[in-house]
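What follows is the residue order along each chain.
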Amino acid sequence: MTLPTSTVAAILLLLAAGSILPGSSLADPAAAVRQPFADRRNPPPWQALDAATEDAFDLGLLVFNTTWVPAGTANAARRDGIGPLHVLGSCDGCHNNGARGRGEPQGNRLPNSFVMQLGGPDTAYGAVINTQALPGYAPEGRIEVQWTPRSGRYPHGGEWQVREPRYRVVAPGYGPLSDDTVLRPRIAPAVFGAGLLQAVSPAAVQAIRGTQPRAQRGEMAWHEAEGLRLLGRFGWQADAVSIEDQTARALAREMGLTSRPRMQDDCTAAQWQCRDAPPGGTPEVSEEFLHALVTLQTEVAVPERPRDAAAEDVIGARLFRRTGCHICHREALPAEPGGTPLTLDAYTDLMLHDLGDGLADRTVDGRIVRSLWRTAPLWGMAHTLAGGDAAFMHDGRARSLEEAVLWHDGQARSARRAFEKLTSQERQALLKWVGSL
Amino acid sequence: MRTRPLVRLGVAALLLSLGAPVLAAQGAQGCSAFKWNVAHEVALFSSEPRNLIAGANPDAAPSISADQLYTLDLKPQEGVHYAAPASKKMLPDGAFGGVLHLKVAKAGQYRVSIDSGFWLDVIHQGKALPAVDFNGSPTCAGPRKIVVYDLPADSDLVLQIGNASTAKAKLTVTPIDAAH
């Protein structure tokens, strides 16, 4: 069969614009970074690795899974130095098998993968409320949540329900928190595909921004570091500029482990007994281990889509576009890992958006703080859902994709309203498709 | 930082004395933070344990039964030979481990509960059984971690403990139906 010249030109134009539908049997460079996760506990790399990188990747997985122990533990010099104040003892404890943290769908419990970060003027507690402490040290407090159900009806019938959280720090171990302190509840995101997102150039993000309507236009998360202007792209608010930055930050704040980029953990001046605690080395995480952790996250693949997902693509992708979800959750993100051009089906624009007051962080006394959120990548969604107890949005409040969509407001209000106006059948088709990504 | 040993010792003692009831209270609340009802396991962890020395290999491993609390003596992990590799790879530095035999009369879901975050695997016919679910409560003294397995009846199962940071561990196995 010979295609008319106009058809060929149209296809080429679509490809050049990066707007070819995902899952198409036409050129699908995105598929290259997807791999089957035959064993969830042993995520594969997205590309063939040379021997040295493979060794670092394997070591990275060991370090990622390892529970760190108190400084001075016999025969454990490579993995000692946890805390004394910490949230959990291993990377895997929060990012279980490298995946997004699971939720606690029932009751008022918070999952192990939850952390309460702090913002604002308080200096006694540092960046995180460390809920665990080694014997002899006082933990910084406990976090409690109260859920309030909210419900409504779709225009075409059917009810929806979400649950709204209110957080508080209970039994603060180092004095009361200031009313102005910002509570920043966060659940652990997945690490899959981090290296690929790191390979998206700021120019590519800028180009996407240029295509977004003014009302939905994202903000690029620029940060100044060591005299350089770097694009933040990791973390719920894109406040980390690289995998190494994000890794060192988490080691220091949530595990109390120093590493070369962060030689101070989250002990504050007010916590002198924590600061005086014997270290597990200087730094506690060796350069070899830090390099291995970064290599693991740089090379780890994105879980492949279910084999039958392509059948859902036509309707689901069309609805995704019709509702405007695609304006921020970009279906084609150009990247150049190692200089190789790829198109990532990450479904993010790596930019910050205001999603309204409902999702915004609050101060201790309940005032809303305007919050900007990095568009969460949707790739690997099928893998996430298969893990059970899904927990979406920045604090895991949404127990389903439907709840997650319903929390979108602010710059995403029009997309949410378009979703609400779909028929029940269309909503299910769209959610099923997103759940297959 | 400059050290002030006597002052620090005094304040540390004060903190410890003040901290004891606080930690105890957190322990009680921590156990209620499990996502399941763990009253049965908490009660077992308050019972008199049986002392056992975990095996360094399956041939030398003792057998355990359900609904009994055990205090296990573990061995340096470098000297432990498991029936199958641990299902999660971790650094073994300074870790302790051991091997036990387990057989249940009735097939079904069982909770393996332990008083620390050590790694657990149940090996059946040379392969690690997939965990059905797990939950942990770092503030609960006993149990602290629970893993749920679907266990076959009347099969020789090998329970492997690894990456323990101490040479002792308390452990129970309970059928789900006994736990409400």
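Only a predicted model underlies this, so the values are computations on that prediction, with no experimental measurement involved.

### Brief notes about the overall build of chain B
- Counting secondary structure elements, chain B contains 2 helices and 12 strands.
- Across chain B, helices and strands are ordered from the amino to the carboxyl terminus as α-α-β-β-β-β-β-β-β-β-β-β-β-β.
- Looking at chain B as shown, the accessible area adds up to about 8,400 Å², and 59% of this sits on carbon and sulfur atoms.

### Looking at the interface of chain B and chain A
- Opposite the 31 residues of chain B that make contact, chain A presents 32 residues.
- Here chain B and chain A share an interface that buries about 2,900 Å² over both sides, 51% of which is from carbon and sulfur atoms.
- Across the chain B-chain A interface, the total number found is 4 salt bridges.
- Applying the counting rule to chain B against chain A returns 13 residue pairs in polar contact (both at pLDDT 80 or more).
- For the side of chain B that touches chain A, the elements supplying multiple residues, two or more each, are helix H1 (5-32), strand E7 (119-124) and strand E9 (131-136) of chain B.
- The dominant element in the side of chain B that touches chain A, judged by the number of residues it contributes, is H1 of chain B, at 8 residues.
- Among the residues forming the side of chain B that touches chain A, the class breakdown is 15 nonpolar, 9 polar and 7 charged.

### Here we look at the state of the cysteines
- Following the criterion strictly, the structure yields 2 disulfides over all chains and no others.
- Between the sulfur of cysteine 267 of chain A and that of cysteine 274 of chain A lies a disulfide, 1.8 Å long from S to S.
- Residue cysteine 274 of chain A is classed as buried on the basis of its relative accessible area, which comes to 3%.
- A sulfur-sulfur separation of 1.9 Å characterises the disulfide bridge that pairs cysteine 31 of chain B with cysteine 140 of chain B. Across the S-S bond of cysteine 31 of chain B and cysteine 140 of chain B the torsion is about 80°, and the bridge reads as right-handed. A residue pair is termed long-range when its members are at least 10 positions apart, and cysteine 31 of chain B in helix H1 and cysteine 140 of chain B in the loop between E9 and strand E10 (145-151) qualify at 109 residues.
- You can call cysteine 31 of chain B buried: its relative accessible area is 14%.

### Observations regarding the nonpolar core
Residues and elements named next belong to chain A.
- Counting 51 residues, the largest nonpolar core has Trp68, Leu196, Leu197, Val200, Leu333, Leu344 and Trp379 as the members making the most contacts within it.
- Secondary-structure elements contributing two or more residues to this core are helix H2 (51-65), helix H4 (194-198), helix H5 (202-211), helix H6 (243-255), helix H8 (287-299), strand E11 (333-335) and strand E12 (342-344).
- If you tally residues by element for this core, the top one is H8, at 6 residues.
- In contact with leucine 197, not counting residues within four places along its chain, are Arg233, Phe234, Leu333, Leu344, Ala346, Thr348, Leu350, Arg374, Pro377 and Trp379.

### Some points on the sheet that holds strand E6 (residues 108-114) of chain B
Residue and element names in this part refer to chain B.
- Taken together, 6 strands build an open sheet; the order of strands is E1-E3-E12-E6-E10-E9 and the sheet is mixed. For this open sheet the edge positions go to strand E1 (50-53) and E9, each flanked by a neighbour on one side alone. On average, adjacent strands in this sheet sit at an angle of 25° to one another, irrespective of strand direction.
- Looking at chain direction, E9 and E10 are connected through 5 bridges and run antiparallel. Note on E10: the bridge partner recorded for alanine 131 is tyrosine 149.

### Some words on the environment of arginine 307 of chain A
- Assignment of secondary structure puts arginine 307 of chain A in the loop between strand E10 (302-303) and helix H9 (310-322).
- Between the alpha carbons of arginine 307 of chain A and aspartate 265 of chain A there is a distance of 44 Å; along the sequence they are 42 residues apart.

### Looking at the packing of H2 of chain A against H8 of chain A
Residues and elements named next belong to chain A.
- Between H2 and H8, the shortest axis-to-axis distance is 7 Å and the interhelical angle comes to 100°. Here H2 is positioned roughly perpendicular relative to H8, judged by the angle of their axes. Residue-level contacts link Thr53, Ala56, Phe57, Leu59, Gly60, Leu61, Val63 and Phe64 of H2 to Glu288, Phe289, His291, Ala292, Leu293, Thr295, Leu296 and Glu299 of H8.
- Its residues assigned to classes, the contact of H2 with H8 shows 10 nonpolar, 4 polar and 2 charged.

### Some points on the confidence of the model for chain A
- Averaged over chain A, the pLDDT score is 91; the fraction of residues at 70 or greater is 92%.
- Taken together, the stretch residues 1-27 of chain A has pLDDT below 50 and engages in 19 contacts with residues farther than four places along the chain or on a different chain.

### What to know about H8 of chain A
All names here are of chain A.
- For H8, which comprises 13 residues, the first-to-last C-alpha distance of 18 Å matches the rise-based estimate of 18 Å (1.5 Å per residue) to within 8%.
- Buried residues of H8: Phe289, Leu290, Ala292, Leu293, Val294, Thr295, Leu296, Gln297 and Glu299, and no others.
- Here the buried face of H8 lies against H2, helix H3 (91-94), H4 and H6.

### Details of the environment of methionine 393 of chain A
Residue and element names in this part refer to chain A.
- Note that methionine 393 resides in the loop between helix H10 (381-386) and helix H11 (401-406).
- Between the alpha carbons of methionine 393 and arginine 413 there is a distance of 15 Å; along the sequence they are 20 residues apart.
- Discounting residues that sit within four places of it in the chain, methionine 393 has contacts with Arg100, Ile187, Trp236, Leu359, Ala398, Ala404, Trp407 and His408.

### Considering helix H12 (residues 413-421) of chain A
All names here are of chain A.
- Within H12, burial applies to Ala415, Arg416, Phe419 and Glu420. Buried residues along H12 cover an arc of 140° about the axis, so they all sit on one side.
- Buried-residue contacts for H12 involve H11 and helix H13 (424-434).

### Remarks on the pattern of salt bridges
- Tallying each qualifying case throughout the model produces 30 salt bridges over all chains.
- Here glutamate 420 of chain A and arginine 416 of chain A are joined by a salt bridge, their closest N and O atoms 3.1 Å apart. Taken together, the positions of glutamate 420 of chain A and arginine 416 of chain A, both in helix H12 and 4 residues apart, correspond to about one turn of that helix.
- Salt-bridge contacts for lysine 35 of chain B lead to aspartate 133 of chain B; the nearest nitrogen and oxygen are separated by 3.1 Å. Taken together, the positions of lysine 35 of chain B in the loop between H1 and helix H2 (39-45) and aspartate 133 of chain B in strand E9 put the pair 98 residues apart, joining distant regions of the chain. For the residue pair lysine 35 of chain B and aspartate 133 of chain B, the accessibility class agrees, reading buried in each case.
- Each member of the salt-bridge network shares a partner with another, and the members are Arg102 and Asp389 of chain A together with Lys35 and Asp133 of chain B.

Parameters at a glance
- Residues numbered from 1 in each chain as written.
- Chains lettered and ligands numbered in written order.
- Predicted model: local features only at pLDDT ≥ 70, side-chain atom pairs only at ≥ 80, totals over all residues.
- Heavy atoms only, no water.
- Helix = DSSP H or I, 4+ residues; strand = E, 2+ residues; numbered from the N terminus.
- Areas by Shrake-Rupley, 256 points an atom, 1.4 Å probe, with all protein chains shown as cover.
- Contact = heavy atoms within 4.5 Å.
- Buried area = accessible area lost by both parts, 1.4 Å probe.
- Salt bridge = Lys/Arg side-chain N within 4 Å of Asp/Glu carboxyl O.
- Polar contact = N/O pair within 3.5 Å; in protein donor to acceptor, adjacent residues only side chain to side chain.
- Nonpolar A, V, L, I, M, F, W, Y, C, P; charged D, E, K, R; others polar.
- Disulfide = S-S within 2.5 Å.
- Buried < 20%, exposed > 50% of the residue type's maximum accessible area, 1.4 Å probe, protein only.
- Core = buried A, V, L, I, M, F, W, Y, C linked by side-chain atoms within 4.5 Å.
- Pairing = 2+ DSSP bridges.
- Axes fitted to C-alpha atoms, helices over the stretch in contact; angles between N-to-C directions.
- Parallel < 35°, antiparallel > 145°, perpendicular 65-115°, else oblique.
- pLDDT = per-residue confidence, 0-100.
- Expected span 1.5 Å × (residues − 1).
- Arc of directions from axis to C-beta.

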